[in-house]
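So you can see what is in the structure, the chains are spelled out below.
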Amino acid sequence: MALGWRRKRGDDGRRDTPGPGLPPAADLVVTMLNDDGTEEEISRVGLPPDEFYGLRANSAHQRLGPEHPETLRAFRDYARVLTHMQGRQEEARERLMALVYTQSRTLGYVHEDTLTTSADLAGLMHVTGELAKSEEVWRSVWTSRAELLGPDHPHTLDSASSLASVLEDLRREPEAAALRRDVLERRKRLLGPDDPAVLSATSSHAATLVKAGHWAEAERELRTLVARLERRGLQDEDTGLAARSNLGAALCRLDRLDEAEAVMRSVLTAQQRAKGPAHPDALTTRNNLAAVLHAREHYAEAARILREVLALTTQHKGDAHPDTLHARDNLANVLIDNGDHQEAATLLTRCHTDYTRTFGPHHPLTRTTTERLTWLRDNSA
């Protein structure tokens, strides 16, 4: 008889590689191999994901060596788990950078495994607010995947979409909109107008149009998309909620505030019911609802919502993350119009420092904050 260990039988059919979200915990199962070849379970111990994937990576290291492709993939899976764990993201970043270096040396940079690891690194940099570095890595992954796989390959288009998201956060909306449009047209040509990937790309493109100031075009595109999703019963799925939220943002910009508020409140109710009030999608919608209330001069309610958004964003992303800076900036805008100039000046001073550090002294956000601080100083009375 021999003792061994393996995952629980119920996990045998799941993907070996953890997906974008945190993979489920596994069970360590101790078994006994009988003389007749049958296997008997002796005990079972639950393992959290980091321990399970760490064990698997170390096992590959011992069996195959430190530079074997399977070993490197196993350590990439381990790093992916760490990216979702509080306090372990810096370790994940270091591991991913080391893996990219080793894979580039042993496999070449323009290799599927290396580019997958680089994409993980770029995504983590985006999440942690290293926007300039994330842009650099995503751009490299995108162009390299186009060379390796072709410009229309799904992985290439996913990389382009991720790069567009970073450009939006860098407030380079026209560049992001052009990239989103190219991705949308390629997906539509390959998959047809009703494929889920096309519907999602349509929503993302329209959202960028809103940010770029093309509100009427965004409204037309979003109304068509929302109607299509409603016919398919998908209005309360992720793509449907995102499209409706973006429509509300476009309507706000077009000064159709009654309709915008109704849309935002409907979306927010559905998002909070499905995902909770602290989910990033719900926070985005709450921010957009506050923008509608601000435009309607309902300053107290807008400020209350934005204080909650700022607190939750700070809690989950840190005090200096770009999303936190934008939440702080939005709150300051409401406070200025509400006459709370002292608190607004305190918030904007912090924004100016962080915008200068994150985006540079000549970025439009930095310059606009300087102008508002000057106005507050000149109108302090």
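It should be emphasised that the depicted structure is a prediction, and the values quoted were computed from it without experimental measurement.

Let's talk about the nonpolar core
So, point 1. Residues Ala243, Leu289, Ile305, Leu331, Val334 and Leu348 are the most contacted members of the largest nonpolar core, which totals 48 residues.
So, point 2. The biggest single contributor to this core is helix H13 (residues 299-317), with 8 residues.
So, point 3. Here Ala243 is in contact with Ser203, Leu222, Leu225, Val226 and Leu229, once residues within four sequence places are set aside.
So, point 4. One finds Phe52, Val137, Trp138 and Ala176 within the second-largest nonpolar core, a separate group that totals 39 residues.

Description of the packing of H13 against helix H14 (residues 322-337)
So, point 1. Relative orientation of the contacting elements H13 and H14 amounts to 160°, with a least axis distance of 9 Å. When the axes of H13 and H14 are compared, the pair comes out roughly antiparallel. Regarding H13 and H14, the two cross each other, and that crossing is left-handed. Residues Tyr299, Ala302, Ala303, Leu306, Arg307, Val309, Leu310, Thr313, Thr314 and Lys317 of H13 lie in contact with H14, whose contacting residues are Asp323, Thr324, Ala327, Arg328, Asn330, Leu331, Val334, Leu335 and Asp337.
So, point 2. Residues of the contact of H13 with H14, tallied by class, amount to 10 nonpolar, 4 polar and 5 charged.

Side note on the pattern of salt bridges
So, point 1. Taken as a whole, this structure holds 45 salt bridges when the rule is applied.
So, point 2. Between Arg256 and Glu219 there is a salt bridge, with the nearest N and O atoms lying 2.8 Å from each other. Here Glu219 lies in helix H9 (residues 215-231) and Arg256 lies in the loop between helix H10 (238-253) and helix H11 (257-275), a separation of 37 residues in the sequence.
So, point 3. Arg256 gets classed as partly exposed once you look at its relative accessible area, which sits at 33%.
So, point 4. Linking Glu308 and Arg286 is a salt bridge whose minimum nitrogen-to-oxygen distance equals 2.4 Å. With Glu308 in helix H13 and Arg286 in helix H12 (residues 280-295), this residue pair connects regions lying 22 residues apart in the sequence.

Considerations on the packing of aromatic side chains
So, point 1. Taken as a whole and assessed by the stated rule, the structure comprises 2 aromatic pairs.
So, point 2. Judged by centre distance (5.0 Å) and plane angle (80°), the ring pair of Phe52 and Tyr53 falls under edge-to-face. One exposure class covers both Phe52 and Tyr53, and it is buried.
So, point 3. Here the aromatic rings of Tyr355 and Phe359 are separated by 5.9 Å at their centres, their planes lie at 50°, and the arrangement is tilted. In this pair, Tyr355 and Phe359 both sit in helix H15 (residues 341-359), 4 residues apart, roughly one turn of the helix. No difference in accessibility class separates Tyr355 from Phe359, as the two residues are buried.

So, H14
So, point 1. Relative to the 22 Å expected for 16 residues at 1.5 Å per residue, H14 spans 23 Å between its end C-alpha atoms, a close match to the ideal helical length.
So, point 2. Within H14, 12 of the 16 residues are buried, which leaves the element mostly enclosed by the surrounding structure.
So, point 3. Buried residues of H14: Pro322, Thr324, Leu325, His326, Ala327, Arg328, Asp329, Leu331, Ala332, Val334, Leu335 and Ile336, and no others.
So, point 4. Directly beyond the C-terminal end of H14, a positive phi value near 85° is found at Gly339.

Digging into helix H2 (residues 69-83)
So, point 1. Its 15 residues give H2 an end-to-end C-alpha distance of 21 Å, which sits within 8% of 21 Å, the value for a rise of 1.5 Å per residue.
So, point 2. Of all 15 residues in H2, 12 are buried; the element is thus mostly enclosed.
So, point 3. For H2, every residue scored as buried is listed here: Thr71, Leu72, Ala74, Phe75, Arg76, Asp77, Tyr78, Ala79, Arg80, Val81, Leu82 and Thr83.
So, point 4. Buried residues belonging to H2 abut helix H1 (49-64), helix H3 (89-106) and helix H4 (112-127).

A few points about the side chain of His126
So, point 1. Along the chain, His126 turns up in helix H4.
So, point 2. Aside from chain neighbours lying at most four places away, what touches His126 is Leu131, Ser134, Ser165, Val166, Asp169 and His321.

Re the environment of Thr83
So, point 1. Mapped onto the secondary structure, Thr83 falls in helix H2.
So, point 2. Note: C-alpha distance between Thr83 and Thr128 (45 residues apart in sequence) is 9.8 Å.
So, point 3. Residues within four places of Thr83 in sequence aside, it is in contact with Gln89, Ala92, Leu96 and Leu124.

Here we look at the environment of Ala227
So, point 1. With respect to the helices, strands and loops of the structure, Ala227 is situated in helix H9.
So, point 2. The spacing of Ala227 and Gly240 is 13 residues in sequence and 9.6 Å in space, taken between C-alpha atoms.

Observations concerning the state of the cysteines
So, point 1. Inspection of every chain in the model, using the stated rule, returns 0 disulfides.
So, point 2. Cys252 takes part in no disulfide bond, and the closest cysteine sulfur, belonging to Cys351, lies 20 Å away.

Each value, and the rule that gives it
Residues numbered from 1 in each chain as written. Predicted model: local features only at pLDDT ≥ 70, side-chain atom pairs only at ≥ 80, totals over all residues. Heavy atoms only, no water. Core = buried A, V, L, I, M, F, W, Y, C linked by side-chain atoms within 4.5 Å. Buried < 20%, exposed > 50% of the residue type's maximum accessible area, 1.4 Å probe, protein only. Helix = DSSP H or I, 4+ residues; strand = E, 2+ residues; numbered from the N terminus. Contact = heavy atoms within 4.5 Å. Axes fitted to C-alpha atoms, helices over the stretch in contact; angles between N-to-C directions. Parallel < 35°, antiparallel > 145°, perpendicular 65-115°, else oblique. Left-handed = near helix turned anticlockwise from the far one by under 90°. Nonpolar A, V, L, I, M, F, W, Y, C, P; charged D, E, K, R; others polar. Salt bridge = Lys/Arg side-chain N within 4 Å of Asp/Glu carboxyl O. Phe/Tyr/Trp six-rings, centres within 6.5 Å; stacked < 30°, edge-to-face > 60°. Expected span 1.5 Å × (residues − 1). Disulfide = S-S within 2.5 Å.

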